[in-house]
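Single-letter residue listing:
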Amino acid sequence: MLQDIETIVRIPDWRLTTAEILYHMPDHPGVLQTFVWQKLDCAPVFPELSRFLEFWRREIEGPLHSVRVASSALIRPAELRYANGQFTLH
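Residues numbered from 1 in each chain as written. Predicted model: local features only at pLDDT ≥ 70, side-chain atom pairs only at ≥ 80, totals over all residues. Heavy atoms only, no water.

Draft legend 1. Fine view of the sheet that holds strand β1 (residues 14–24). Strand order in this open sheet of three strands is β2-β1-β3, and the pairing throughout is antiparallel. Looking at strand neighbours, the two that pair on one side only are β2 (32–42) and β3 (64–73), the edges of this open sheet. Mean inter-strand twist for the sheet, computed between neighbouring axes without regard to direction, equals 15 degrees. Taken strand by strand, helix α2 (residues 47–59) contacts β1, β2 and β3, and its axis lies near 145 degrees from that of β2. (Pairing = 2+ DSSP bridges. Helix = DSSP H or I, 4+ residues; strand = E, 2+ residues; numbered from the N terminus. Axes fitted to C-alpha atoms, helices over the stretch in contact; angles between N-to-C directions. Contact = heavy atoms within 4.5 Å.)

Draft legend 2. View of the side chain of Glu-48. Looking at where Glu-48 falls in the secondary structure, it is placed in helix α2. Looking at Glu-48, its side chain comes within polar contact range of the side chain of Lys-39, at 3.2 Å. Apart from residues no more than four positions distant in its own chain, Glu-48 is found in contact with Trp-37, Lys-39, Leu-40 and Asp-41. (Polar contact = N/O pair within 3.5 Å; in protein donor to acceptor, adjacent residues only side chain to side chain.)

Draft legend 3. How the structure looks around the pattern of salt bridges. With the rule as written, the count across this model stands at five salt bridges. Ionic pairing is found between Glu-20 and Arg-68, a salt bridge with its closest N-O pair at 2.6 Å. One end of the pair, Glu-20, is in strand β1; the other, Arg-68, is in strand β3, with 48 residues separating them in the sequence. You can call Arg-68 exposed: its relative accessible area is 59%. The partner of Glu-59 in a salt bridge is Arg-58, with the nearest N and O atoms 3.4 Å apart. (Salt bridge = Lys/Arg side-chain N within 4 Å of Asp/Glu carboxyl O. Buried < 20%, exposed > 50% of the residue type's maximum accessible area, 1.4 Å probe, protein only.)

Draft legend 4. Local environment of the nonpolar core. Ala-19, Ile-21, Tyr-23, Trp-37, Ala-43, Phe-46, Leu-49, Phe-52, Leu-53 and Trp-56 together form the largest nonpolar core, which totals ten residues. Looking at this core, the elements with two or more residues in it are β1 and α2. Here this core takes four residues from α2, the largest share from any one element. If we skip the residues at most four places from it in the chain, Leu-49 touches Ala-19, Trp-37, Asp-41 and Val-69. (Core = buried A, V, L, I, M, F, W, Y, C linked by side-chain atoms within 4.5 Å.)

Printed below as a string of C-alpha cells:
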C-alpha cells in the first residue's frame, strides 16, 4: 500500500481532497446533515469525487444540498520562517 501512495505522490496533479457534503435527511427534508469525504484525487477534474457524488445521487436517499471542496498539494516547496529573537535556557 505504501508503494501505491508513493507512486501517486510523485504525480503533481494528485491532491488530498476533502469534501464537506450537506444533504437533506430523507425523513425530515428541512433538516441538513453533514458528511465529510476525503481521498487522494486528481485536480482540477476530481474524478474520484465526481464518481462518489454520482454514486450518492444514484444510491442514497438524502438529496444533496451543497458540496464544499478543498484540496492540498501533496508535494510543495518547504516552508521556512526565520524567527528573530534569542532564547536563553538556564
